[in-house]
Amino acid sequence: MSTENEGNAVPPAPSAPPVPVASPAPPQGDAGATAQLPPVPSGPPEQHPYGSAPTQSYGAPEGSWPPPPPPGTPGHGEAGAGGAGGGWGASYQQPAPKPAGGGRGGLIAAVLVAALVAGGLGGGLGYTLAKDNDGQGSTTVSAADNGASQVKRAPGTIAGVASKALPSTVTIEAESNSGEGGTGTGFVFDTQGHIVTNNHVVAEAVDGGKLSATFPDGRKYAAEVVGHAQGYDVAVIKLKNAPSDLKPLSLGNSDQVAVGDETIAIGAPFGLSNTVTTGIISAKNRPVASSDGSSSSKASYMSALQTDASINPGNSGGPLLSASGAVIGINSAIQSTSGGSFGSGQSGSIGLGFAIPINQAKYVAQQLIKNGKPVYAKIGASVSLEESTDGAKITDQGTGGADAVESGGPAAKAGLKPGDVITKLDDSVIDSGPTLIGEIWTHKPGDKVKVTYTRGGAQHTVDLTLGSRVGDS
């Protein structure tokens, strides 16, 4: 199985959990085509501490955050860009692929960011569809309307939910100073004009670029980035001269979502704004790692909601709704086959979409609005990223010779030592370092968690209070 980022094919990935994969370059021109990613070189993985204090960039001594994309995978639009770098205080190297099978939940490959850089494809595709259906010489007979177009759908129907939610969603266009950018989605978070979306949707506009949000009724507003969290892949923007009639979408409780629940996704797949698709919750707590692909890319980790609702490039940042219309997640990533469609080189949905649970996204958004920076929970230990189903092993040494267990940090206070293998966090099974990070980040700093680990063949359990780290770097 292969995966794609923004429509780019990515090399085979280990069984589970997924590891960071790169996103495609932002589309340029009408085609929106992206280059194929080179294969990931094999080699022994390096360590990766979760929650160390952020003090440096990739490849720097322990304390840097977050991890870079795997070496050998393209960075932000640069095919073949890569190299070792640090993350969560340690360098990261893609582990050698393992045979298919096993792993958590059967997820065979790494998941890509559905970063929804639809570029000019939406308009071009719309024109093609219209042209192909024009002037064919056929004659059709339409039934009388009889006012049917004015009939309101019941609130509990998909049509009813969509008609209520669509006016509170926006199509976001982000453009860098160099003219690169793409299209994504967002939704109204409050009456003050704050819009929640993915970090990778607005990344191009963070450093002085252009940002706009367009509502389904055609109203378009300039916007600015209030705060962004690369690790969580969440961002908040604010409309300039926001209208007074904004209606925030109601937020649900993602902890109460059950497998099989109906879902409704809204977004702008391939630039086709205001698209509604439906499905179900296919799985919960799916460990997903993704990267937006730049040379300075910093990986995002989530314990995701998996859905089979059709999600494609352009859906990123859009709401995943429950059957009642409450937001239960932010559509962020897809797993896809390598074949492109519509001549674009981008692939679309195969029914494997992933959303950031809204309980986590709400906390992050509130922190960004309040402080402009994200706040991360941490355990203060360097953990191996080597693919394994045995657990997350605390390394013998951190990057640059630093201690693997942060002195005075949460892990040290709980008595954890190098060589310990963490197998559970509360009731969640931990099968590797990337899975551990996703689980840690479902919590808030100060939360008490129960850590189960093995040492010398014996199993132990200890209570640990999570620490905090502010900012992405």
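Residues numbered from 1 in each chain as written. Predicted model: local features only at pLDDT ≥ 70, side-chain atom pairs only at ≥ 80, totals over all residues. Heavy atoms only, no water.

**Thoughts on the overall build of the chain**
Here is step 1 of the chain: Regarding its fold elements, the chain presents six helices and 26 strands.
Here is step 2 of the chain: Considering only intrachain contacts with a sequence separation of at least 6, the fraction spanning at least 24 residues in the chain is 71%.
Here is step 3 of the chain: Summed over its atoms, the accessible surface of the chain is roughly 18200 Å², and 48% of this surface lies on carbon and sulfur atoms. (Helix = DSSP H or I, 4+ residues; strand = E, 2+ residues; numbered from the N terminus. Contact = heavy atoms within 4.5 Å. Areas by Shrake-Rupley, 256 points an atom, 1.4 Å probe, with all protein chains shown as cover.)

**Thoughts on the packing of aromatic side chains**
Here is step 1 of the chain: Counted by the stated rule, this structure contains five aromatic pairs.
Here is step 2 of the chain: Look at Y232 and W441: their rings are 5.3 Å apart centre to centre, the planes differ by 55°, and that puts the pair in the tilted class. Separated by 209 residues along the polypeptide, Y232 in the loop between β11 (220–229) and β12 (234–239) and W441 in the loop between α6 (433–440) and β24 (448–455) bring together distant segments of the chain.
Here is step 3 of the chain: When its relative accessible area of 2% is taken as the criterion, Y232 is described as buried.
Here is step 4 of the chain: Residue W441 is classed as buried on the basis of its relative accessible area, which comes to 2%.
Here is step 5 of the chain: Here Y376 and W441 contribute two aromatic rings whose centre-to-centre distance is 4.7 Å and whose plane-to-plane angle is 45°, an arrangement assigned as tilted. On the criterion of sequence distance, the pair formed by Y376 in strand β19 (residues 375–378) and W441 in the loop between α6 and β24 is long-range, its members being 65 residues apart. Taken individually, Y376 and W441 each receive the classification buried, so the pair is uniform in this respect.
Here is step 6 of the chain: When the ring centre of F215 is taken as origin, the NZ or CZ atom of R219, which lies over that ring, is 5.4 Å away. (Phe/Tyr/Trp six-rings, centres within 6.5 Å; stacked < 30°, edge-to-face > 60°. Buried < 20%, exposed > 50% of the residue type's maximum accessible area, 1.4 Å probe, protein only. Lys NZ or Arg CZ within 6 Å of the ring centre and 35° of its normal.)

**Describing unusual backbone geometry**
Here is step 1 of the chain: Despite not being glycine, N241 has its phi angle at roughly 55°, a positive value.
Here is step 2 of the chain: For N241, a relative accessible area of 73% translates into the label exposed.
Here is step 3 of the chain: The residue N285 is not glycine, and still its phi comes out positive at about 55°.
Here is step 4 of the chain: Here N285 lies in strand β14 (residues 275–290).
Here is step 5 of the chain: Exposure remark for N285: the relative accessible area of 37% places this residue in the partly exposed category.

**As for the environment of I334**
Here is step 1 of the chain: With respect to the helices and strands, I334 occurs in strand β17 (residues 327–334).
Here is step 2 of the chain: On the accessibility criterion, I334 (2% relative accessible area) is buried.
Here is step 3 of the chain: Considered as a pair, I334 and Q306 are 28 residues apart in the sequence and their alpha carbons are 9.2 Å apart.

**Observations regarding the side chain of S254**
Here is step 1 of the chain: Mapping S254 onto the fold places it in the loop between β12 and β13 (262–267).
Here is step 2 of the chain: Setting aside chain neighbours within four positions, we find S254 in contact with K284, L305, I328, P357, I358 and N359.

**Quick word on the sheet that holds strand β8 (residues 181–188)**
The strands making up a sheet are joined through hydrogen bonds of the backbone, oriented either antiparallel or parallel.
Here is step 1 of the chain: Within the closed barrel, the six strands sit side by side as β7-β8-β9-β12-β11-β10. Their pairing is antiparallel. Pairwise comparison of adjacent strand axes, ignoring direction, gives a mean angle of 40° for this sheet.
Here is step 2 of the chain: Pairing geometry for strand β9 (residues 194–197) and β12, over four bridges, is antiparallel. Counterpart to V196 in the pairing with β12 is V236.
Here is step 3 of the chain: Contacts between helix α4 (residues 358–371) and the sheet are confined to β8, β9, β11 and β12, with β12 contributing the most and set at about 55° to the helix. (Pairing = 2+ DSSP bridges. Axes fitted to C-alpha atoms, helices over the stretch in contact; angles between N-to-C directions.)

**Some words on the pairing of strand β18 (residues 353–357)**
Here is step 1 of the chain: Extensive coverage of β18 is indicated by the burial of five of its five residues.
Here is step 2 of the chain: Relative to β18, strand β15 (residues 300–307) runs antiparallel, the two sharing three bridges. Residue pairing for β18: T307 is matched across the bridge by G353.
Here is step 3 of the chain: Pairing geometry for β17 and β18, over five bridges, is antiparallel. Looking across to β18, one finds that I330 is bridged to I356.

**Re the environment of P155**
Here is step 1 of the chain: As for its position among the elements, P155 is in the loop between α1 (121–132) and α2 (158–165).
Here is step 2 of the chain: Sequence-wise, P155 and S324 are 169 residues apart; in three dimensions their C-alpha atoms are separated by 8.0 Å.
Here is step 3 of the chain: When near neighbours in sequence (up to four residues on either side) are disregarded, P155 contacts G160 and V161.

**Comments concerning the pattern of salt bridges**
Here is step 1 of the chain: In total, this model carries six salt bridges according to the counting rule given.
Here is step 2 of the chain: In this structure, R219 and D217 form a salt bridge, with 2.9 Å as the shortest nitrogen-oxygen distance.
Here is step 3 of the chain: You can call R219 partly exposed: its relative accessible area is 28%.
Here is step 4 of the chain: Given the relative accessible area of 54%, D217 is considered exposed.
Here is step 5 of the chain: Between E406 and K378 there is a salt bridge, with its nearest N and O atoms 3.1 Å apart. Here E406 is found in the loop between β21 (392–393) and α5 (410–413), whereas its partner K378 is found in strand β19, with 28 residues between them in sequence.
Here is step 6 of the chain: In the salt-bridge network here, residues are joined through shared partners; they are D217, R219 and D245. (Salt bridge = Lys/Arg side-chain N within 4 Å of Asp/Glu carboxyl O.)

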